[in-house]
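Coordinate analysis (summary)
Residue strings, one per chain:
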Amino acid sequence: MPGFVDALNQQVAREFAASQQYVAIAVYYDSETLSQLASHFYRQAIEERNHAMMIVQYLLDANQQVVIPGVDAPRSDFSDVAGPVRLAVEQEKTVTDQIVALARLARDEGDLVGEQFLGWFLQEQREEVASMSALLAVVDRASDANVLLVEEYLARINVAAAEPAAPAPSAAGGAL
Ligand SMILES: [Fe+2]
Ligand SMILES: [Fe+2]
């Protein structure tokens, strides 16, 4: 089992991979002229990139080795409008499990600073799973005939309101 620092480096790769997946989803929606869905996922892609850079900054601050990884290619073949959102919900649930495992590892190693750092990420995951699941419920209710209702839903809700109350960790080079 890798130590906490190695596991954090792996999480940097996963956050960048999540970012690439959201770019692929955004481009799919853009190609379908669903601009609200596209901009929702372009924004999510930037958030995931910022998560990666927050972990990079943490490793820099902790004077630990940080390796910027390559990432696996994202999925970009989608057959219907709901598919990408379903994939996104699964991705957010998987990331939640990964952050929980990281926090547990920090706790096992007696690394209370590392455990505390991950507190913000746990809040962020709770909110991201909730908001992405809500979006999936809306997409599932809207048939292909009225997918424009999904666009209206996204135009109405304030996605930025779904941020943790605590200040975000610093991102290396500054958050975008
Ligand atoms: Fe993330
Ligand atoms: Fe996320």
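Here the structure is shown first, and the text comes after it.
1. Here we look at the coordination of the iron ion (ligand 1)
- Only Glu15 (OE), Glu48 (OE) and His51 (ND1) from the protein reach the iron ion (ligand 1) as donors, at distances of 2.0 to 2.1 Å.
- The sequence pattern formed by the donor residues of the iron ion (ligand 1) is E-x32-E-x2-H.
- Between the iron ion (ligand 1) and the iron ion (ligand 2) the interatomic distance amounts to 3.6 Å, and Glu48 serves as a bridging ligand to the pair. Of this pair, Glu48 and His51 both sit in helix H2 (residues 35–61), three residues apart, roughly one helical turn.

2. Details of the packing of aromatic side chains
- Per the counting criterion, the structure on display carries seven aromatic pairs.
- Ring centres of Tyr22 and Phe41 lie 5.5 Å apart, and the angle between their planes is 55°; this geometry places the pair in the tilted category. Pair noted here: Tyr22 is in helix H1 (residues 4–31) and Phe41 is in helix H2, with a separation of 19 residues, a long-range link. Like Phe41, Tyr22 is buried.
- Feature note: the residues Tyr22, Tyr28, Tyr29, Phe41 and Phe78 constitute an aromatic cluster, connected by ring pairs.

What counts, and at which threshold
Residues numbered from 1 in each chain as written. Chains lettered and ligands numbered in written order. Predicted model: local features only at pLDDT ≥ 70, side-chain atom pairs only at ≥ 80, totals over all residues. Heavy atoms only, no water. Donors = N, O, S within 2.8 Å, 3.2 Å for Na, K, Ca; no water. Helix = DSSP H or I, 4+ residues; strand = E, 2+ residues; numbered from the N terminus. Phe/Tyr/Trp six-rings, centres within 6.5 Å; stacked < 30°, edge-to-face > 60°. Buried < 20%, exposed > 50% of the residue type's maximum accessible area, 1.4 Å probe, protein only.

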